[in-house]
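Letter by letter, the chains look like this.
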Amino acid sequence: MAAVENVTGPTPSFDPYERGCPSRDLLDQIGSKWAVLVLGELGRNGTSRFGQLRQALAGVSEKMLTQTLRTLERDGLVSRTVYPEVPPHVEYELTALGQTLREPLKALTEWSVLHIEEVITAREEYDDRTERTR
(Lines give C-alpha, C1' and ligand atoms only; values in the text may rest on other atoms or scores of the structure.)
Protein backbone atom coordinates (compact mmCIF):
# COMPACT_ATOMS: atom_id res chain seq x y z
CA MET A 1 0.00 0.00 0.00
CA ALA A 2 1.38 3.41 -0.97
CA ALA A 3 1.90 6.07 1.67
CA VAL A 4 -0.48 9.03 1.58
CA GLU A 5 1.41 12.20 0.76
CA ASN A 6 0.67 15.48 2.56
CA VAL A 7 -0.28 17.79 -0.31
CA THR A 8 -1.46 20.67 1.83
CA GLY A 9 2.01 21.66 2.97
CA PRO A 10 3.02 22.87 6.41
CA THR A 11 0.53 24.69 8.59
CA PRO A 12 1.54 28.35 8.81
CA SER A 13 2.41 29.74 12.21
CA PHE A 14 0.98 33.19 12.79
CA ASP A 15 3.11 35.20 15.17
CA PRO A 16 2.15 38.87 15.54
CA TYR A 17 5.67 39.59 16.81
CA GLU A 18 7.07 38.67 13.39
CA ARG A 19 7.26 41.35 10.70
CA GLY A 20 4.75 40.81 7.90
CA CYS A 21 2.47 38.52 9.88
CA PRO A 22 -1.17 39.10 8.84
CA SER A 23 -2.27 38.79 12.46
CA ARG A 24 -0.60 42.18 13.07
CA ASP A 25 -3.03 43.82 10.68
CA LEU A 26 -5.93 42.12 12.40
CA LEU A 27 -4.74 43.24 15.83
CA ASP A 28 -4.33 46.76 14.50
CA GLN A 29 -7.91 46.75 13.25
CA ILE A 30 -9.71 45.12 16.17
CA GLY A 31 -7.64 47.16 18.60
CA SER A 32 -8.63 50.49 17.09
CA LYS A 33 -10.90 52.72 19.14
CA TRP A 34 -13.75 52.77 16.64
CA ALA A 35 -13.63 49.05 15.87
CA VAL A 36 -13.80 48.22 19.59
CA LEU A 37 -16.76 50.55 20.02
CA VAL A 38 -18.61 49.36 16.88
CA LEU A 39 -18.15 45.72 17.83
CA GLY A 40 -19.21 46.50 21.40
CA GLU A 41 -22.31 48.37 20.30
CA LEU A 42 -23.37 45.60 17.91
CA GLY A 43 -22.69 43.06 20.65
CA ARG A 44 -24.80 44.94 23.19
CA ASN A 45 -27.71 45.94 20.98
CA GLY A 46 -27.66 43.51 18.09
CA THR A 47 -28.55 44.50 14.55
CA SER A 48 -28.27 48.25 13.94
CA ARG A 49 -28.61 50.70 11.13
CA PHE A 50 -25.81 53.10 10.21
CA GLY A 51 -27.60 56.07 11.80
CA GLN A 52 -28.17 54.18 15.02
CA LEU A 53 -24.48 53.30 15.23
CA ARG A 54 -23.43 56.86 14.49
CA GLN A 55 -25.74 58.21 17.18
CA ALA A 56 -24.59 55.63 19.74
CA LEU A 57 -20.89 56.32 19.06
CA ALA A 58 -20.62 59.99 19.96
CA GLY A 59 -17.82 61.70 18.07
CA VAL A 60 -17.40 59.26 15.19
CA SER A 61 -17.48 60.87 11.76
CA GLU A 62 -19.53 59.39 8.96
CA LYS A 63 -16.33 58.69 7.02
CA MET A 64 -14.63 56.90 9.95
CA LEU A 65 -17.71 54.82 10.72
CA THR A 66 -18.01 53.83 7.06
CA GLN A 67 -14.32 52.84 6.89
CA THR A 68 -14.54 50.89 10.15
CA LEU A 69 -17.66 49.00 9.09
CA ARG A 70 -16.14 48.14 5.69
CA THR A 71 -12.96 46.81 7.29
CA LEU A 72 -14.90 44.79 9.85
CA GLU A 73 -17.08 43.40 7.06
CA ARG A 74 -14.00 42.51 5.00
CA ASP A 75 -12.50 40.71 8.01
CA GLY A 76 -15.70 38.69 8.42
CA LEU A 77 -16.61 40.21 11.78
CA VAL A 78 -19.66 42.21 10.69
CA SER A 79 -22.29 41.44 8.09
CA ARG A 80 -24.09 44.09 6.06
CA THR A 81 -27.60 43.47 4.78
CA VAL A 82 -29.16 45.79 2.20
CA TYR A 83 -32.94 45.74 1.85
CA PRO A 84 -34.30 46.82 -1.56
CA GLU A 85 -36.35 49.79 -0.40
CA VAL A 86 -36.46 53.46 -1.17
CA PRO A 87 -34.61 54.94 0.59
CA PRO A 88 -32.21 52.00 0.97
CA HIS A 89 -32.37 50.21 4.32
CA VAL A 90 -29.01 48.80 5.48
CA GLU A 91 -28.39 46.85 8.67
CA TYR A 92 -25.18 45.69 10.34
CA GLU A 93 -24.74 42.81 12.76
CA LEU A 94 -21.98 40.69 14.21
CA THR A 95 -21.18 37.49 12.37
CA ALA A 96 -20.51 34.25 14.25
CA LEU A 97 -16.81 35.15 14.09
CA GLY A 98 -17.53 38.65 15.38
CA GLN A 99 -19.51 37.17 18.27
CA THR A 100 -16.33 35.43 19.45
CA LEU A 101 -14.80 38.86 20.14
CA ARG A 102 -17.57 39.94 22.51
CA GLU A 103 -16.03 38.58 25.71
CA PRO A 104 -12.43 39.69 25.07
CA LEU A 105 -13.54 43.20 24.10
CA LYS A 106 -15.94 43.38 27.04
CA ALA A 107 -13.07 42.48 29.37
CA LEU A 108 -10.85 45.15 27.78
CA THR A 109 -13.59 47.76 28.08
CA GLU A 110 -14.32 46.85 31.70
CA TRP A 111 -10.59 46.99 32.51
CA SER A 112 -10.33 50.48 31.00
CA VAL A 113 -13.26 51.76 33.06
CA LEU A 114 -12.00 50.10 36.24
CA HIS A 115 -8.46 51.50 35.91
CA ILE A 116 -8.96 54.87 34.19
CA GLU A 117 -8.40 56.86 37.39
CA GLU A 118 -5.03 55.14 37.94
CA VAL A 119 -4.07 55.80 34.34
CA ILE A 120 -5.05 59.47 34.59
CA THR A 121 -2.93 59.80 37.75
CA ALA A 122 0.02 58.09 36.06
CA ARG A 123 -0.29 60.42 33.06
CA GLU A 124 -0.37 63.50 35.27
CA GLU A 125 2.68 62.31 37.23
CA TYR A 126 4.54 61.56 34.01
CA ASP A 127 3.66 64.95 32.52
CA ASP A 128 4.82 66.70 35.70
CA ARG A 129 8.13 64.80 35.67
CA THR A 130 8.83 65.46 32.01
CA GLU A 131 7.95 69.17 32.29
CA ARG A 132 10.47 69.60 35.10
CA THR A 133 13.24 68.06 33.02
CA ARG A 134 12.72 70.40 30.06
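Residues numbered from 1 in each chain as written. Predicted model: local features only at pLDDT ≥ 70, side-chain atom pairs only at ≥ 80, totals over all residues. Heavy atoms only, no water.

Asks: Could you clarify how one ought to interpret helix H4 (residues 62-74) in this entry?
Replies: The α-helix winds at 3.6 residues per turn, so residues separated by three or four positions along the chain end up facing the same way. Here H4 spans 18 Å end to end across 13 residues, near enough to the 18 Å set by a 1.5 Å rise per residue. Buried within H4 we find Leu 65, Thr 68, Leu 69 and Leu 72. Taken down its axis, H4 places every buried residue within 95 degrees of arc, on the same side. Turned more than 90 degrees away from the buried face of H4, the exposed residues are Lys 63, Arg 70 and Arg 74. Buried residues in H4 make contact with helix H1 (22-30), helix H2 (33-45), helix H3 (50-56), strand S2 (78-83) and strand S3 (89-94). Phi for Gly 76, located one or two positions after H4, is positive at around 80 degrees. (Helix = DSSP H or I, 4+ residues; strand = E, 2+ residues; numbered from the N terminus. Expected span 1.5 Å × (residues − 1). Buried < 20%, exposed > 50% of the residue type's maximum accessible area, 1.4 Å probe, protein only. Arc of directions from axis to C-beta. Contact = heavy atoms within 4.5 Å.)

Asks: For this particular structure, what's the right way to read the UniProt feature "domain: HTH hxlR-type" (unreviewed entry) in the protein chain?
Replies: Mapped onto the present numbering, the UniProt feature "domain: HTH hxlR-type" (unreviewed entry) falls at residues 21-120. Here residues 21-120 runs as 65% helix and 14% strand, with 33 Å between its end C-alpha atoms. (UniProt positions renumbered as here; feature names shortened; annotations may be inferred.)

Asks: Explain a negative patch on the surface to me, please; I cannot follow it from the model alone.
Replies: On the surface, a cluster of negative charge is contributed by Glu 124, Glu 125, Asp 127, Asp 128 and Glu 131. Counting through the fold element by element, Glu 124 comes out in helix H6 (residues 102-132). What makes Glu 124 partly exposed here is its relative accessible area of 48%. (Patch = residues over 30% accessible without salt bridge, like charges linked within 9 Å, V, L, I, M, F, W, Y side chains within 5 Å. Areas by Shrake-Rupley, 256 points an atom, 1.4 Å probe, with all protein chains shown as cover. Salt bridge = Lys/Arg side-chain N within 4 Å of Asp/Glu carboxyl O. Lys, Arg positive; Asp, Glu negative; His and termini not counted. Charge placed at Lys NZ, Arg CZ, Asp CG, Glu CD.)

Asks: Mind showing me how you'd approach the packing of H2 against H6 here?
Replies: The description of two packed helices rests on the angle between their axes and on the distance between the axes. Put simply, H2 and H6 touch, their axes get as near as 10 Å, and they point 115 degrees apart. Considering their axes alone, H2 and H6 lie roughly perpendicular with respect to each other. The two elements H2 and H6 cross, and the hand of that crossing is left-handed. Where H2 approaches H6, its residues Val 36, Leu 39, Gly 43 and Arg 44 are matched on the opposing element by Arg 102, Leu 105 and Thr 109. Class assignment of the residues belonging to the contact of H2 with H6 gives a composition of three nonpolar, two polar and two charged. (Axes fitted to C-alpha atoms, helices over the stretch in contact; angles between N-to-C directions. Parallel < 35°, antiparallel > 145°, perpendicular 65-115°, else oblique. Left-handed = near helix turned anticlockwise from the far one by under 90°. Nonpolar A, V, L, I, M, F, W, Y, C, P; charged D, E, K, R; others polar.)

Asks: Is there a simple way to think about the packing of H2 against H4 in this case?
Replies: Running from N to C, H2 and H4 point in directions that differ by 70 degrees, and their axes come no closer than 10 Å. Taken together, H2 and H4 sit at an angle that is classed as roughly perpendicular. Here H2 contributes Trp 34, Ala 35, Val 38 and Leu 39 to the contact with H4, which in turn contributes Met 64, Leu 65, Thr 68, Leu 69 and Leu 72.

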